[in-house]
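Summary of the model geometry
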Amino acid sequence: MTLPEDLPEDASAPSREPHAPDGGTPDPAGLSRRRFVGYVIGGAGLMVAADLGLGGSPAQALPVPSVPQIPEAYDLNDFLTHCALPTSALIAIHVDEKGDAHFALPRMEVGQGITTSTAMIIADELDLPIERVHVTLAPARPELLFNQLTGGSNTTISTYTPIRVAAAVARKALLDAAAIALGAQVDSLVIKGGNIIDSLGSSLGFGEAAGLAASPESREVEVDLKATSERTVVGTRQRRVDARDAVTGAKKFAMDLEVPDALPTMVCRAPDLNGTATSVRNQSAVESMPGVTHVAIIPTGVAVRAKTFGQCIDAVRALDVEWEAGTVAGKSSQDILKELKRAELPLAAPALGALSVEGSFVFHFRSGSALEPNCAIADVRSDSAEIWSGLKSPIDAQSKVAKAVGLPQTKVKVNVITGGGSFGRKLFSDGAIEAARASKAFGAPVKLMWHRADEPRQGRVHPMTTSRSRATSLLGSVATFEQRHTSVTTDFTHGLGERIIAEAAALPTGVGNQGFSQTVFLLTQELPYNFGVVTQLLNETDFDVERFNTSSVRNIYSPEVRIANELIVDQLAKRLKRDPVEFRRAHLKSSVVKRVLDRAAELGEWGKSMPAGTAQGIAIHKEYKGATAVVVDLDCRPETVNRQVREAVTGPRVTKATVVVDCGLAINPLGIEAQMMGGFSDGMCQVLTYSNHLVDGRFLEASWDNSAYTRQWNTPLEFQCEVLESDSPEPGGIGEAGVAASAAAVACAYARATDTMPTEFPINFSDELFFEPKPFVPSVPESPTNGLDVVS
């Protein structure tokens, strides 16, 4: 895709008179909510871009009777969107000679469906069939600055209007060119299936019109976006544009790419978390093993390159390595819990006996592994490097790879490849950096892949946390609600996805990273109830982000914060002898949250008769410019908890889940339902089963089975999701919106079913393991040979 490098010099500060043709109030730049400025970019073919760097209206505080919290006035999505605005004109749509539209999305597709929703937005604004809109992933583009970070459920929020404007500019240019060619008035033309037709039936295809619309120089144009009533694609249920490729195996992930001479590569890792290799005692012997081409020490272990991944595994298992101790040598989960307890900030309001409700909660480490193992292809030469990997912060990855191999950033090309999941894991470029180091050490291209056992043991984890909540009531009303959240440091050294902020976040003092943590917490955490004086504070235990390999796993702080809050809300309702739904409704600030609460209670049949040992739970969450409510039916009867499934972790069973979401304008309701189902699976297992055990400086888990992520035998027997039609004309975020409310609803159901408020999560966490830990030396198990012999 040609980049718009020659925009007018005064593009950032145009002068124009205010106007509001749709009757709306004009903004300071003179543009209404539907009228925008874009550019027809000079060059061959039709290339268009949007200009939204004209200043945006800041988010308005909600008119609530109590003092608003920060996210009510300005949240993380406002921040991320405003950071992206200055370079919005640098993302462009190209219409080719066939009349197809092409757009290189500066975000990463990890299964959340953004290539589909983006194609829908473009198709709608252009009046082009969706199959003729081709959305690819843009390579690292440093000039985009903060506009190439995939995170915070912000993709559609931040790109929705720029993409619409660019498509509208293309549509106007095509119509103007066709009007001249057909000798017709623009307003007499209609578009059908990529053809422009005049009142006499003469037509011009998009391809021919695009050639005529090409401009030798860039020029500024104003466009009106389509009204809601004119949409024919946005808001409809669309299957993913890549669905067939995904199910037939035609879809290409990083490990499917054929890069010349890039051979399979794996790393032998230390037994300790973040241990380092000092020497290899049998390097020559391993180098002579079948298929092995190279062996070398790199900062994260000993890299092995061979003709097949099976040969890599054999070589890794044969290595005899001398290791230095890791960053938490000898430490256990209980040691980290003691550190967290010492770091807890005090609660201000005194405990007032019968007038107070409080709880102290522990949330254990859990793996941030995605379905696709950490992987990357790297080809490092003496004067250049090229990377292929699933990266949500490709500019930061480009910078870090350049630093790791001693090249200028301009000499490193980073290709963003579709990923098989992320959960925040791919905000970090660990695999790409590791592949680049191995390629440099070997002097040869590599196709590096982590073993599944590497992920929970040496990969990114969600930090261990504690959360204390205390509420006081007076004369039947809640007077105060406090929360003190304490966490192992969350690594935000990817910054906002570009080099300067990432470098600041990674300063040795750790102050920069702590600043990011506090910012993210303050901009995301909101207690949506009128509970008098409300305070929510975060403290992270140390400044060393290299001690644990953490990441902002899906929904970051919100699941733990919401679990701790909603459990206390239930306890308040119980203390005040009020129904949990009625109590929430009476105290909620937002009409949007009330709406999803009421609908979830209705669909989930709240209050129905339940057998002893079973119960319903309900919870709400407000974030990402929307709101979610979840109702679950949970079975905690002994015959269910102790049910036997081969090689499975069972326990309490969610038999029914009802999810209701208002996410603003719903681009693709079918995709939203899929995201909510995935978010529910995450939230449910975080409460019931999913965790990592730290023992003697090592995480014991070496697979998803060990960590006990949601499996088919634990999924709800009945799941329903309703996407409400929203009053908001703008889309909200959906990728993480289902996690927190789902987790909290399951926790509340467990408390009601057992008449015991849980305080440690997951509830099955125990020093008595349900699995036999795999050996740490060698660092990976043998390749399975009996897969076809295992039957249910």
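Just above, that's the structure.
Here is a short report on the structure shown in this document. (Residues numbered from 1 in each chain as written. Predicted model: local features only at pLDDT ≥ 70, side-chain atom pairs only at ≥ 80, totals over all residues. Heavy atoms only, no water.)

For the rest of this paragraph, the subject is the side chain of Q483. Following the sequence through the fold, Q483 ends up in strand 23 (residues 477-487). Within polar-contact distance, the side chain of Q483 engages the side chain of N565 at 3.4 Å. For Q483, the contacting residues outside a window of four places in its chain are S467, R468, S469, T535, Q536, L537, V561, A564 and N565. (Helix = DSSP H or I, 4+ residues; strand = E, 2+ residues; numbered from the N terminus. Polar contact = N/O pair within 3.5 Å; in protein donor to acceptor, adjacent residues only side chain to side chain. Contact = heavy atoms within 4.5 Å.)

Once that is clear, we can look at the pairing of strand 19 (residues 412-416). The buried fraction of strand 19 is high, at four of five residues. For strand 18 (residues 385-389) and strand 19, the ladder comprises five bridges, and the chain directions are parallel. Among the inter-strand pairings, I387 is bridged to a residue of strand 19, identified as V414. Following the chain from strand 18 across helix 10 (residues 394-405) to the adjacent parallel strand 19, one finds a crossover that is right-handed. (Buried < 20%, exposed > 50% of the residue type's maximum accessible area, 1.4 Å probe, protein only. Pairing = 2+ DSSP bridges. Right-handed = clockwise from strand over helix to strand, strands pointing away.)

In this section: the packing of aromatic side chains. This structure, assessed with the given rule, holds twelve aromatic pairs. Relative to F761, the ring of F363 lies with its centre 5.1 Å away and its plane at 10°, an arrangement referred to as stacked. Highlighted residues: F363 in strand 15 (residues 356-363) and F761 in strand 31 (residues 760-761), separated in sequence by 398 residues. A residue is classified by how much of its surface remains accessible, and F363, at 3% relative accessible area, is buried. The exposure class assigned to F761 is buried, which follows from its relative accessible area of 1%. Ring geometry for Y529 and F531: centres 4.9 Å apart, planes at 15°, overall stacked. Assigned by exposure class, Y529 and F531 land together as buried. Three or more aromatic residues link up through ring pairs in this structure, and these residues are F481, Y529, F531 and F583. Positioned over the ring face of W704 is R452, at 5.1 Å from the centre of the ring. A cation sits over an aromatic face here: R698 above F776, 5.2 Å from the ring centre. (Phe/Tyr/Trp six-rings, centres within 6.5 Å; stacked < 30°, edge-to-face > 60°. Lys NZ or Arg CZ within 6 Å of the ring centre and 35° of its normal.)

Turning our eyes to something else, we now look at empty space enclosed by the protein. For the structure shown, the criterion picks out nine cavities of 30 Å³ or more. By volume, the largest cavity amounts to about 120 Å³. As for the largest cavity, its lining consists of R366, S367, G368, S369, F423, V553, D682, C685, Q686, Y690, W704 and Y709. Among the elements of the structure, strand 16 (366-367) and helix 19 (669-688) are those that each provide at least two residues to the lining of the largest cavity. When residues in the lining of the largest cavity are grouped by element, the largest group, three residues, is from helix 19. Residues that form the lining of the largest cavity fall into these classes: six nonpolar, four polar and two charged. Space inside the second largest cavity adds up to approximately 80 Å³. Lining the second largest cavity are 13 residues, and of these A270, R457, Q458, F776 and S779 sit closest to its centre. Among the elements that make up the lining of the second largest cavity, the one with the highest residue count is helix 12 (residues 454-458) (three residues). (1 Å grid on protein atoms, 1.4 Å probe; cavity = no way out; pocket = protein on both sides within 12 Å on 5 of 7 lines; lining within 4 Å. Points joined across faces, edges and corners; volume = space filled by probe spheres on them. Nonpolar A, V, L, I, M, F, W, Y, C, P; charged D, E, K, R; others polar.)

Another aspect to go through is the sheet that holds strand 15. Spatially, 24-23-22-15-31 is the arrangement adopted by the five strands of the open sheet, whose pairing is mixed. The open sheet has two edge strands with one neighbour each: strand 24 (533-540) and strand 31. The pairing of strand 15 with strand 22 (residues 465-474) spans eight bridges and is classified as antiparallel. From the neighbouring strand, S360 faces strand 22, where its bridge partner is R468.

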